[in-house]
Amino acid sequence: MRPPESWKTARVTLVLTLVAAAVFLVSYPPRVHDALVDWAAFVPAEVDSGLESAGVPFWLTPLTSAFLHANFVHIAFNLLIFVFCGRPTEAVLGPGGMVVLFLTGAYAATAGQYLVDPNSLTPMIGASGAVSAVLGAYALLFGRNKVKVANPTLALWLHALWLFAAWVIMNVIVGIVMGSAGIMIAVAAHIGGFVIGLALARPLLLFRYRKA
């Protein structure tokens, strides 16, 4: 598929980008940022402990945490990828598909992080997981499938498997390098989001054009 050239079919992408940017500007003062993290960030240890901070309902924190970012570099990197991949992806999947992709990506990211570190008390923030879901869908929809097999369904699955393996390896390497520099990255969250993006890209596409 060829990415569309118009922004008119990317309204959800633009709205989510503007909301994330607005939240970052509002939370820029350190005291405000710390208060919002305490109020709306996802904390893996709260899943099993039953503890819940005096903020938004726990089941909403996977979503609210996606709109909080640590610093300018954090949000700029996330939104750059989101805008670049979100525009063509939304044009193909539609606004509803983009909403589903972003929401499920946010929840899949927190689920992935919980599975690898369920006792962590470190707040998880950032749209990386949701953006990874959009990136996964984008890669599957627009990436060139180099798998040469006769069965198109098998070729699609092998292509998705290759994308998944490449994403995991890249994130593990980045996580190790950044970790050695004292910068913690939620690698499992990125992987969780990417997996759900790969899994939903085709179903969302078929659902949108089910009556075509």
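Residues numbered from 1 in each chain as written. Predicted model: local features only at pLDDT ≥ 70, side-chain atom pairs only at ≥ 80, totals over all residues. Heavy atoms only, no water.

*Asks:* It is not clear to me how the overall build of the chain should be interpreted in this structure. Could you clarify?
*Replies:* Scanning the chain for helices and strands turns up eight helices and zero strands. Scanning the chain from its N terminus toward the C terminus, one meets helices and strands in the order α-α-α-α-α-α-α-α. Residue burial in the chain is summarised as follows: out of 212 residues, 42% are buried. (Helix = DSSP H or I, 4+ residues; strand = E, 2+ residues; numbered from the N terminus. Buried < 20%, exposed > 50% of the residue type's maximum accessible area, 1.4 Å probe, protein only.)

*Asks:* Sorry if this is basic, but what is going on with the environment of Asp38 here?
*Replies:* Its location among the elements puts Asp38 in helix H2 (residues 30–40). Along the sequence, Asp38 and Pro123 sit 85 residues apart, while their C-alpha atoms lie 7.9 Å from each other.

*Asks:* Hey, could you run me through the side chain of His69 in this one?
*Replies:* For His69, the position within the fold is in the loop between helix H4 (61–64) and helix H5 (72–116). Relative accessible area serves as the criterion here: at 2%, His69 is assigned to the buried category. Engagement of the side chain of His69 in a polar contact is seen with the backbone nitrogen of Ala127, the distance being 3.2 Å. With residues near it in sequence (within four places) discarded, His69 still touches Phe24, His33, His74, Ile75, Asn78, Ile125, Gly126 and Ala127. (Polar contact = N/O pair within 3.5 Å; in protein donor to acceptor, adjacent residues only side chain to side chain. Contact = heavy atoms within 4.5 Å.)

*Asks:* Just to check I follow, could you spell out the packing of helix H1 (residues 11–26) against H5 for this structure?
*Replies:* Geometrically, a packed helix pair is captured by the angle between its two axes and the distance between the axes. It is the contact of H1 with H5, at a shortest axis distance of 7 Å, that shows an interaxial angle of 150°. Our classification of the angle between H1 and H5 gives roughly antiparallel. As for the relative orientation of H1 and H5, their crossing is right-handed in sense. Seen from H1, the contacting residues are Arg11, Val12, Thr13, Leu16, Thr17, Ala20, Ala21 and Phe24; seen from H5, they are Phe72, Ile75, Leu79, Phe82, Val83, Gly86, Arg87, Glu90, Pro95, Met98, Val99 and Phe102. Its residues placed into classes, the contact of H1 with H5 shows 14 nonpolar, three polar and three charged. (Axes fitted to C-alpha atoms, helices over the stretch in contact; angles between N-to-C directions. Parallel < 35°, antiparallel > 145°, perpendicular 65-115°, else oblique. Left-handed = near helix turned anticlockwise from the far one by under 90°. Nonpolar A, V, L, I, M, F, W, Y, C, P; charged D, E, K, R; others polar.)

*Asks:* Would you mind showing me how to read the packing of aromatic side chains here?
*Replies:* On inspection of all chains with the given rule, the structure shows seven aromatic pairs. Grouping aromatic residues by their ring pairs yields a cluster made of Phe67, Phe82 and Phe102. The ring of Phe207 carries Arg210 above its face, with NZ or CZ at 4.0 Å from the centroid. (Phe/Tyr/Trp six-rings, centres within 6.5 Å; stacked < 30°, edge-to-face > 60°. Lys NZ or Arg CZ within 6 Å of the ring centre and 35° of its normal.)

*Asks:* Explain the nonpolar core to me, please; I cannot follow it from the model alone.
*Replies:* Of all hydrophobic cores here, the largest spans 38 residues; its most connected members are Phe82, Leu93, Leu101 and Leu141. Going through the elements one at a time, H1, H5, helix H6 (128–142), helix H7 (152–180) and helix H8 (187–208) are the ones with two or more residues in this core. Grouped together as the second largest cluster of nonpolar side chains are five residues, Phe42, Ala109, Tyr114 and Ala189 included. (Core = buried A, V, L, I, M, F, W, Y, C linked by side-chain atoms within 4.5 Å.)

*Asks:* Explanation requested: the confidence of the model for the chain in the structure shown.
*Replies:* One rule of thumb: low pLDDT means the predicted coordinates there are not for detailed reading. Mean pLDDT over the chain: 87, with 90% of residues reaching 70 or higher. Within the chain, H1 carries the highest mean pLDDT (95), whereas H7 carries the lowest (78). (pLDDT = per-residue confidence, 0-100.)

*Asks:* Quick question: what am I supposed to make of a nonpolar patch on the surface here?
*Replies:* Where nonpolar side chains cluster on the molecular surface, the patch consists of Leu154, Leu158, Leu161, Phe164 and Val195 and spans about 390 Å² of accessible area. Top contributing element to the nonpolar patch by residue count: H7, with four residues. Looking at where Phe164 falls in the secondary structure, it is placed in helix H7. Take Phe164: its relative accessible area is 30%, and that puts it in the partly exposed class. (Patch = residues over 30% accessible without salt bridge, like charges linked within 9 Å, V, L, I, M, F, W, Y side chains within 5 Å. Areas by Shrake-Rupley, 256 points an atom, 1.4 Å probe, with all protein chains shown as cover. Salt bridge = Lys/Arg side-chain N within 4 Å of Asp/Glu carboxyl O.)

*Asks:* Teacher, can you tell me more about H2 here?
*Replies:* Residues lying three or four places apart along an α-helix face the same way, a consequence of the helix completing one turn every 3.6 residues. Every buried residue of H2 is listed here: His33, Val37 and Ala40. Down the axis of H2, the buried set is contained in an arc of 100°. They therefore lie on one face. Along H2, the residues that are exposed and aim more than 90 degrees away from the buried face are Arg31 and Asp38. Buried residues belonging to H2 abut H4. (Arc of directions from axis to C-beta.)

*Asks:* Looking at this structure, I do not really get the environment of Val32. What am I missing?
*Replies:* On the secondary structure map, Val32 appears in helix H2. Residue classification places Val32 among the partly exposed positions, given a relative accessible area of 32%. Val32 has contacts with Val26 and Ser27, leaving out every residue within four places of it along the chain.

*Asks:* Can you help me understand H6 in this one?
*Replies:* With 15 residues, H6 ought to run about 21 Å at 1.5 Å a step, and its terminal C-alpha atoms sit 20 Å apart, in line with that. With 15 of 15 residues buried, H6 is to be regarded as a mostly interior element. (Expected span 1.5 Å × (residues − 1).)

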